[in-house]
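So you can see what is in the structure, the chains are spelled out below.
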Amino acid sequence: MNEHLLKILIIGDGNVGKSSFLHRYVNGQFNKTYKMTMGVDYAVKLLHWSDKEKVRLQLWDIAGQERFISMNRIYYKGALGCVVMFDVTSSASFLSCRHWKRDLDNKAMLPNGESIPCILLANKCDLPQRVVPPDSIDRFSKANGFITWMEISVKENKNVGEAMRRLVQDILSVE
Ligand code: GDP
């Protein structure tokens, strides 16, 4: 049995749903009042990827440090994948994704010198008051080097597991 240990970061503005995403993905729950402790925190999830491969994901949430927009290099160290998240009802959170991606690419790279595989997640697609249209997301995603983008709803558990599978698949293909 081959086991991969993958450090994955979850970044994006405050209130876009990062902690909820982590909680949903790791514990299978959506809890409105759930909030992680302040400071960098991580959770672990074990995936039985195939007959021969196990994947241990170490998922890092920036929990409360979003206001700095720029993260400490320590946080990025050893990361092999990244989720950049925004809220489809907040154009400000979408605009910030450019800064988050740039900060990531400036401070972290894979051992082979390439940029870290990064997926763009458009959360809260269950809400009717959406302001960020799909074609804008698509253009932005292609122009800024994301592996792909997906609409998700942590609340309705839509595309949460699928998004992580897509990212892990990409990470393993370059490893
Ligand atoms: P964080 O600051 O990025 O970690 O965001 P939180 O996980 O604390 O979520 C912020 C708020 O958005 C909370 O009130 C969540 O319940 C809510 N939220 C998270 N995901 C969704 C979603 O998919 N749909 C809706 N409607 N609300 C969500």
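In short, a report on the structure.

Scoring rules and cut-offs
- In this numbering scheme, every chain counts its residues from 1 along its sequence in written order.
- Given that this is a predicted model, residues contribute local features only at a pLDDT of at least 70 and side-chain atom pairs are listed and counted only at 80 or more, while totals for whole chains, interfaces and linings are drawn from all residues.
- Only hydrogens and water are set aside when side-chain values are computed; all heavy atoms of the structure are taken into account.
- Secondary structure elements follow DSSP: runs of H or I no shorter than four residues count as helices, runs of E no shorter than two count as strands, and numbering proceeds from the N terminus.
- Each accessible area is a Shrake-Rupley result for a 1.4 Å probe, and residues are judged covered by the shown protein chains and nothing else.
- Burial classes follow relative accessibility: with a 1.4 Å probe on protein chains only, a residue under 20% of its type's maximum area counts as buried, one over 50% as exposed, and anything between as partly exposed.
- Strands were regarded as paired on the criterion that DSSP finds at least two bridges between them.
- The axes used here are C-alpha line fits, helices contributing only the stretch in contact, and every angle between their N-to-C directions lies in the interval 0 to 180 degrees.
- Each angle is binned into one of four classes, with values under 35 degrees roughly parallel, values over 145 roughly antiparallel, values of 65 to 115 roughly perpendicular, and all other values oblique.
- Contacts between residues were defined by any pair of non-hydrogen atoms, one from each residue, lying within 4.5 Å.
- In this classification, the charged set is Asp, Glu, Lys and Arg, the nonpolar set is Ala, Val, Leu, Ile, Met, Phe, Trp, Tyr, Cys and Pro, and all remaining amino acids, among them Gly, are polar.
- We call a residue near a molecule or strand whenever a single non-hydrogen atom of that residue lies within 4 Å of it.
- Polar contact is defined as a pair of N or O atoms within 3.5 Å, subject to the rule that within protein one atom must be able to donate a hydrogen and the other to accept it, and that residues adjacent in sequence are counted only when both atoms are side-chain atoms.

**Notes on the overall build of the protein**
Thinking step 1. Scanning the protein from terminus to terminus reveals five helices and six strands.
Thinking step 2. Taken from the N to the C terminus, the helices and strands of the protein come in the order β-α-β-β-α-β-α-β-α-β-α.
Thinking step 3. Just so you have it, the protein exposes about 8,800 Å², and 49% of that area is on carbon and sulfur atoms.

**As for the pairing of strand β4 (residues 81–87)**
Two faces make up the sheet, and in a regular strand the side chains alternate between them.
Thinking step 1. For β4, the tally of buried residues reaches seven of seven residues, placing the bulk of the element in the interior.
Thinking step 2. Summarising the sheet, strand β1 (residues 2–11) and β4 pair through four bridges and their orientation is parallel. Along β4, the bridge assignment pairs I11 with V84.
Thinking step 3. Alignment of β4 against strand β5 (residues 118–123), held across six bridges, turns out to be parallel. Looking across to β5, one finds that D87 is bridged to N123.

**Some remarks on unusual backbone geometry**
Thinking step 1. Positive phi values are uncommon outside glycine, yet N15 reaches one of about 75°.
Thinking step 2. As for its placement among the helices and strands, N15 is situated in the loop between β1 and α1 (18–27).
Thinking step 3. When its relative accessible area of 66% is taken as the criterion, N15 is described as exposed.
Thinking step 4. For K124, which is not glycine, the phi dihedral falls at a positive 70°.
Thinking step 5. Among the secondary structure elements, K124 is positioned in the loop between β5 and α4 (134–143).

**Some details on the packing of α1 against helix α5 (residues 160–174)**
Thinking step 1. Contact geometry for α1 and α5: axes closest at 10 Å, N-to-C directions at 90°. Classified by the angle between their axes, α1 and α5 sit roughly perpendicular to one another. The residues of α5 that touch α1, namely those facing F21, R24 and Y25, are V160, G161 and M164.
Thinking step 2. Broken down by class, the residue content of the contact of α1 with α5 amounts to four nonpolar, one polar and one charged.

**Focus: the site of the ligand**
Thinking step 1. By nearness alone, 18 residues border the ligand, and N15, K18, S19, S20 and D126 come closest of all.
Thinking step 2. At 2.7 Å, a backbone N or O of N15 approaches an oxygen atom of the ligand.
Thinking step 3. At a separation of 2.8 Å, an oxygen atom of the ligand approaches a polar backbone atom of S19.
Thinking step 4. Relative to its unbound accessible area of 580 Å², the ligand is 86% covered by the protein chains.
Thinking step 5. Take the shell around the ligand: its biggest share by element is three residues, from α1.
Thinking step 6. Across the shell around the ligand, the residue classes break down as four nonpolar, seven polar and seven charged.

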